[in-house]
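A structural walkthrough
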Amino acid sequence: MDQNNLEEIIKRSLNIRENYHELERQHHGTEWTLEEDTLAYLTDAGLVGRDIMSHQKRWLKKDSDAELKHKLGENIWWLIVLADRTGIDIKEALDEFLTKTEKLF
């Protein structure tokens, strides 16, 4: 993935999150907190585990591959959102992680 494409993905992700914030304000009077966003992310991360089990035929569930694909994308979206909310540049964090890990090999 080139840098420009990642920039566009980040921009789209943050725009979607802002749209959800607007719904939260309409329905609850306030936006979700960072802690609530984190809990939502962890819930979706757990669902990836269940969908992987279903993909491997260890947990019976209809349309699990479509849901797995959706949840994998959603988890990446949540990581972008959480990085933004904590002031972390996700591109820099990913690059530093990859560089550090590559040096291990």
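Here the structure is a predicted model, which means the values were calculated and not measured.

**A short note on helix 2 (residues 34-55)**
Taking 1.5 Å of rise per residue, 22 residues should cover 32 Å, and helix 2 covers 31 Å from first to last C-alpha, within 8% of that figure. Listed as buried for helix 2 are Asp 37, Ala 40, Tyr 41, Asp 44, Val 48, Asp 51 and Ser 54. The arc enclosing the buried residues of helix 2, seen along the axis, measures out at 120°, which places them on a common side. Counted as exposed and oriented over 90 degrees from the buried face of helix 2: Glu 35, Leu 39 and Leu 42.

**Here we look at a nonpolar patch on the surface**
Side chains of Ile 16, Tyr 20 and Leu 23 sit close together on the surface and give an oily, nonpolar patch of about 270 Å² of accessible area. Here Leu 23 shows up in helix 1 (residues 3-28).

**Regarding the pattern of salt bridges**
Applying the stated criterion to the full structure yields 12 salt bridges. Salt-bridge contacts for Arg 25 lead to Glu 22; the nearest nitrogen and oxygen are separated by 2.9 Å. Here Arg 25 and its partner Glu 22 are both found in helix 1, 3 residues apart, which amounts to about one turn of the helix. The partner of Lys 61 in a salt bridge is Asp 51, with the nearest N and O atoms 3.3 Å apart.

**Points about the nonpolar core**
One recurring pattern in soluble globular proteins is that nonpolar side chains are buried together. Formed by Ala 40, Tyr 41, Trp 77, Trp 78, Val 81 and Leu 82, the largest nonpolar core amounts to 6 residues. If you list the elements that add at least two residues to this core, you get helix 2 and helix 3 (64-85). At 4 residues, helix 3 tops the list of elements feeding residues into this core. In this structure Tyr 41 touches Asn 75, Trp 78, Leu 79 and Leu 82, once residues within four positions along its chain are discounted.

Cut-offs applied
- Residues numbered from 1 in each chain as written.
- Predicted model: local features only at pLDDT ≥ 70, side-chain atom pairs only at ≥ 80, totals over all residues.
- Heavy atoms only, no water.
- Helix = DSSP H or I, 4+ residues; strand = E, 2+ residues; numbered from the N terminus.
- Expected span 1.5 Å × (residues − 1).
- Buried < 20%, exposed > 50% of the residue type's maximum accessible area, 1.4 Å probe, protein only.
- Arc of directions from axis to C-beta.
- Patch = residues over 30% accessible without salt bridge, like charges linked within 9 Å, V, L, I, M, F, W, Y side chains within 5 Å.
- Areas by Shrake-Rupley, 256 points an atom, 1.4 Å probe, with all protein chains shown as cover.
- Salt bridge = Lys/Arg side-chain N within 4 Å of Asp/Glu carboxyl O.
- Core = buried A, V, L, I, M, F, W, Y, C linked by side-chain atoms within 4.5 Å.
- Contact = heavy atoms within 4.5 Å.

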